[in-house]
There are 2 protein chains.
Amino acid sequence: MFANLPQPILVNEVVTRDGFQSEPAFVPTETKIELVNALAQLGLNKIEVTSFVSPRAVPNLRDAEDVMRAITRDTDTTYVALVPNEKGCARALELAVDEINLVMSVSESHNLANMRMTCEQSLDQFARIADMSAGTPMRLNGSLATAFGCPFEGNQEQDRVLRFVDAYLERSLHSITLADTTGMAVPNQVFELCQAVRQRWPELEVTLHFHNTRGLGLSNVLASLAAGMNQFDASLGGLGGCPFAPGATGNICTEDLVHMLDEMGLETGADLNGLLHQSQQLGVIVDHDLPGQISKAGPRSLTRPLPESVQQLMQNGRT
Amino acid sequence: MFANLPQPILVNEVVTRDGFQSEPAFVPTETKIELVNALAQLGLNKIEVTSFVSPRAVPNLRDAEDVMRAITRDTDTTYVALVPNEKGCARALELAVDEINLVMSVSESHNLANMRMTCEQSLDQFARIADMSAGTPMRLNGSLATAFGCPFEGNQEQDRVLRFVDAYLERSLHSITLADTTGMAVPNQVFELCQAVRQRWPELEVTLHFHNTRGLGLSNVLASLAAGMNQFDASLGGLGGCPFAPGATGNICTEDLVHMLDEMGLETGADLNGLLHQSQQLGVIVDHDLPGQISKAGPRSLTRPLPESVQQLMQNGRT
């Protein structure tokens, strides 16, 4: 099971988008810029910086242009923006974003609830966005939300997910994300879907996006790794959750993910101590407790001094 | 990885011992009795009811005899008590407890901190306890605490763990528990140790006891399952943690564990809805938030009604 895991594992940070979008308070633009710049120094693969949505729909990200324009663009990092429509794509192109993330739910009802469109309408829009960005260096990633279950409809047929991957690729999208939008994925299901995708598209860049709603986030990462997957979204401190998904809480936590991978001997290139420092800063920024656990318990490698009474017992034993 | 998992999976409940022992407030004896009796109706394999320790050391369990005497002994359930010494064994024998749980830390320094004994002294004591209980129907389980790491010393050599399993069996203990006392286990390490134990002792009854301190509790269950293990300790609501282990928090949560196994199609015999009901009662008993997640998010199978606005959109789509 653990003999031939893929390496290195790529970690994508989504806190300034998925995390901040649903915070009760607006995070100041300057704070967002500082955080993105700090995160870019910590060996992460991609940073989903913001979302080019309507400021009325997501007021917390109304400063999308300002943030994207002001950050320092590290050449080793892919800077991503979520884009819900052609207007968002135009804004992303103007700012030379490296990659845009397009989202459709596998579940028809969830797509209607989240995007106010049928799946067919979403796919048509992806085709138009692909036309708009053709010939530019901007990459298109397509997320399949509710790929592991819909809060309204329950399980989604694996065939339906695979058909939509096909539909994404037909519309010239470059990579896909299988997203567990409301934390419904379970490990054997994850293993099976990942294996099916990997078998059919061995070279496709695939990201897994898990939420820890039901405590299974890192278990699902493990199942994905066993199926050969090597790229994961995560949010600093475990901040975030889909505001349109009832009961949804918390992306998997970046530093908890990196800690697990580090301690399993898997290379990520990410700087755990740096992440822990930023996570502590994040707690100050959002001014509430964060679900991440390593920032509270410390890494397992951080041993503690022996209590004095035990030191004495050990010395007595020796004499 | 998921093709040949063992079934059924046995779930042992430890909340009235491991959970209540470190609560700030004493839980009334009558409440403990009611909870044990209710849990025994929910298809659990064992219930670790209490601990026959000194009332000064663990005042919260000073009613050990009263609880053990008053509970209704369901014949399908194994009732367990933790026992730290011969005196505790005598009390357990008097009450005809089904099984006692003996604990030694694999780490010398942690055993000194926790039990005030060297490992050698612990093993000598186990031999005397085995003599005391020989010829009675009482079973002896031996826990290997810090089997996946010690908060003072770090990693423990796998050979050292295996040597102590040997030492337990030489002293006539019937079964063992590999315990991750302070939540240091990582999945590949768990897989390797479980596999080594399973290979050397194919018929030995082995329980895994994980804490979720670093978010890896259920991932470690998954790794154990993959190595053929089929018995797990868990605590209702995720209550508990070792009071002598710095930073240790929370056993894995019974209802979160059962939810995962149910949804993976693995048989446990445990009643998830009943557990969720008891977990809600437990929140009232201890009067604080519990770390368990299914009691907040609901089982994944519990779909929600479609929002009315989406119903309208779907109807419009059809007309």
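Let us look at the structure shown here. Keep in mind the model is a prediction, meaning the values are calculated, not measured.

## Side note on the state of the cysteines
All names here are of chain A.
Then comes step 1: Under the definition given, this model contains zero disulfides over all chains.
Then comes step 2: Looking at the unpaired cysteine 119, the closest cysteine sulfur is the one in cysteine 150, lying at 10 Å.
Then comes step 3: Overall, cysteine 119 belongs to the buried group, its relative accessible area being 2%.

## Description of helix α6 (residues 119-133) of chain B
Note: α-helices contain 3.6 residues per turn, so residues at a spacing of three or four share the same orientation.
All names here are of chain B.
Then comes step 1: Counted at 1.5 Å a residue, the expected span for α6 with its 15 residues is 21 Å, and the 21 Å between its end C-alpha atoms agrees.
Then comes step 2: Within the sequence span of α6, burial applies to Cys119, Ser122, Leu123, Gln125, Phe126, Ile129, Ala130 and Ser133. Buried positions in α6, seen along its axis, are confined to an arc of 160° and lie on one side of it.
Then comes step 3: Contacts made by the buried residues of α6 are with α4 (86-94), β4 (99-105), α5 (108-115), β5 (139-145) and α7 (158-170).
Then comes step 4: Taken from the residues just after α6, glycine 135 is the one with a positive phi, measuring 85°.

## Regarding the pattern of salt bridges
Residue and element names in this part refer to chain B.
Then comes step 1: Summed over all chains, the structure comprises 28 salt bridges over all chains.
Then comes step 2: We note a salt bridge from glutamate 48 to arginine 17, for which the minimum N-O separation is 2.5 Å. You can see glutamate 48 sitting in strand β2 (residues 46-51) and its partner arginine 17 sitting in helix α1 (residues 15-19), a full 31 residues away along the chain.
Then comes step 3: Exposure remark for arginine 17: the relative accessible area of 9% places this residue in the buried category.
Then comes step 4: Linking lysine 32 and aspartate 63 is a salt bridge whose minimum nitrogen-to-oxygen distance equals 2.8 Å.

## Structural notes on the side chain of asparagine 101 of chain A
Residues and elements named next belong to chain A.
Then comes step 1: The topology assignment puts asparagine 101 in strand β4 (residues 99-105).
Then comes step 2: Given a relative accessible area of 6%, asparagine 101 falls into the buried group.
Then comes step 3: Here the side chain of asparagine 101 touches glutamate 48 through a polar contact of 3.1 Å, side chain to side chain.
Then comes step 4: Dropping the residues within four chain positions of it, asparagine 101 is found in contact with Glu48, Val80, Ala81, Leu82, Val83, Asn141, Gly142 and Ser143.

## Digging into the environment of asparagine 111 of chain B
Residue and element names in this part refer to chain B.
Then comes step 1: Of note, asparagine 111 is situated in helix α5.
Then comes step 2: Residue asparagine 111 is classed as buried on the basis of its relative accessible area, which comes to 0%.
Then comes step 3: Through-space distance from the C-alpha of asparagine 111 to that of serine 122 is 8.5 Å; in sequence the pair is 11 residues apart.
Then comes step 4: Ignoring any residue separated from it by four or fewer positions in sequence, one finds asparagine 111 in contact with Met104, Ser105, Arg116, Met117, Thr118, Cys119 and Ser122.

## A short note on unusual backbone geometry
Then comes step 1: In this chain, glutamine 7 of chain A is followed by proline 8 of chain A through a cis amide linkage whose omega measures -10°.
Then comes step 2: Here proline 8 of chain A shows up in the segment before β1 (10-13).
Then comes step 3: Backbone geometry places alanine 96 of chain B, a non-glycine residue, at a positive phi of 50°.
Then comes step 4: One can find alanine 96 of chain B in the loop between α4 and β4.

## Section: the interface of chain A and chain B
Then comes step 1: Listed as interface residues are 51 residues of chain A and, on the opposing side, 52 residues of chain B.
Then comes step 2: Each partner contributes to the roughly 4,300 Å² buried at the junction of chain A and chain B, and carbon and sulfur atoms together form 66% of this total.
Then comes step 3: It is Arg214, Arg300 and Arg304 of chain A that lose the most area in chain A upon contact with chain B, and together they represent 18% of the buried surface on that side.
Then comes step 4: Applying the counting criterion to the chain A and chain B interface returns zero salt bridges.
Then comes step 5: Summed over the shared surface of chain A and chain B, the result is 19 residue pairs in polar contact (both at pLDDT 80 or more).
Then comes step 6: Sorting the residues of the side of chain A that touches chain B by element identifies α5 (108-115), α8 (187-200), α9 (217-226), α10 (254-263), α12 (294-297) and α13 (308-318) of chain A as the ones contributing at least two each.
Then comes step 7: Among the elements that make up the side of chain A that touches chain B, the one with the highest residue count is α9 of chain A (five residues).
Then comes step 8: When the residues that make up the side of chain A that touches chain B are grouped by side-chain class, the tally is 29 nonpolar, 15 polar and seven charged.

## Focus: the sheet that holds strand β8 (residues 231-234) of chain B
Residues and elements named next belong to chain B.
Then comes step 1: Pairing within the closed barrel is parallel, and its eight strands lie in the order β1-β2-β3-β4-β5-β6-β7-β8. Pairs of neighbouring strands in the sheet enclose a mean axial angle of 30°, with direction left out of account.
Then comes step 2: Sheet analysis places β5 next to strand β6 (residues 175-179), joined by four bridges and oriented parallel. Looking at β6, one finds that serine 143 is bridged to threonine 177.
Then comes step 3: With respect to the sheet, helix α2 (residues 29-40) is in contact with β1 (10-13), β2 and β3 (78-82), its orientation differing from that of β2 by roughly 165°.

## Remarks on the sheet that holds strand β7 (residues 205-209) of chain A
Residues and elements named next belong to chain A.
Then comes step 1: Spatially, β1-β2-β3-β4-β5-β6-β7-β8 is the arrangement adopted by the eight strands of the closed barrel, whose pairing is parallel. Neighbour to neighbour, the strand axes of the sheet diverge by 30° on average, direction disregarded.
Then comes step 2: Pairing of β4 with strand β5 (residues 139-145) involves seven bridges; the strand directions are parallel. Bridge pairing in β5 links methionine 104 to leucine 144.
Then comes step 3: Across the sheet, helix α6 (residues 119-133) lies against β4 and β5, angled at about 165° from β4, the strand it touches most.
Then comes step 4: Contacting β4, β5 and β6 (175-179), helix α7 (residues 158-170) crosses the sheet at an angle of about 160° to β5.

## A look at the relation of the copies chain A and chain B
Then comes step 1: Placing chain A over chain B gives an RMSD of 0.0 Å and needs a rotation angle of 180°, together with 0.0 Å of translation along the axis. The superposition of one copy onto the other is thereby described by a two-fold rotation axis. Taking the C-alpha atom as reference, chain A places serine 219 of chain A closest to the rotation axis, 2.2 Å from it.
Then comes step 2: Taken together, the interface assignments show that 100% of the residues at the interface of chain A recur at the interface of chain B, consistent with an identical surface on both copies.

## A short note on the packing of aromatic side chains
Then comes step 1: Applying the stated criterion to the full structure yields six aromatic pairs over all chains.
Then comes step 2: Ring centres of phenylalanine 148 of chain A and phenylalanine 210 of chain A lie 5.8 Å apart, and the angle between their planes is 45°; this geometry places the pair in the tilted category. Of this pair, phenylalanine 148 of chain A sits in the loop between β5 and α7 while phenylalanine 210 of chain A sits in the loop between β7 and α9, and the two are 62 residues apart along the sequence.
Then comes step 3: A residue is classified by how much of its surface remains accessible, and phenylalanine 210 of chain A, at 0% relative accessible area, is buried.
Then comes step 4: Their ring planes at 70° and their centres at 5.4 Å tell us that phenylalanine 191 of chain A and phenylalanine 2 of chain B sit as a pair that is edge-to-face. Taken as a pair, phenylalanine 191 of chain A in helix α8 and phenylalanine 2 of chain B in the segment before β1 lie in two separate chains rather than in one. Comparing phenylalanine 191 of chain A with phenylalanine 2 of chain B, the two get one shared label, buried.
Then comes step 5: We note arginine 62 of chain B situated over the ring of phenylalanine 26 of chain B; from NZ or CZ to the ring centre the distance is 3.9 Å.

Basis of the calculations
Residues numbered from 1 in each chain as written. Chains lettered and ligands numbered in written order. Predicted model: local features only at pLDDT ≥ 70, side-chain atom pairs only at ≥ 80, totals over all residues. Heavy atoms only, no water. Disulfide = S-S within 2.5 Å. Buried < 20%, exposed > 50% of the residue type's maximum accessible area, 1.4 Å probe, protein only. Helix = DSSP H or I, 4+ residues; strand = E, 2+ residues; numbered from the N terminus. Expected span 1.5 Å × (residues − 1). Arc of directions from axis to C-beta. Contact = heavy atoms within 4.5 Å. Salt bridge = Lys/Arg side-chain N within 4 Å of Asp/Glu carboxyl O. Polar contact = N/O pair within 3.5 Å; in protein donor to acceptor, adjacent residues only side chain to side chain. Buried area = accessible area lost by both parts, 1.4 Å probe. Nonpolar A, V, L, I, M, F, W, Y, C, P; charged D, E, K, R; others polar. Pairing = 2+ DSSP bridges. Axes fitted to C-alpha atoms, helices over the stretch in contact; angles between N-to-C directions. Least-squares fit on C-alpha atoms with pLDDT ≥ 70 in both. Phe/Tyr/Trp six-rings, centres within 6.5 Å; stacked < 30°, edge-to-face > 60°. Lys NZ or Arg CZ within 6 Å of the ring centre and 35° of its normal.

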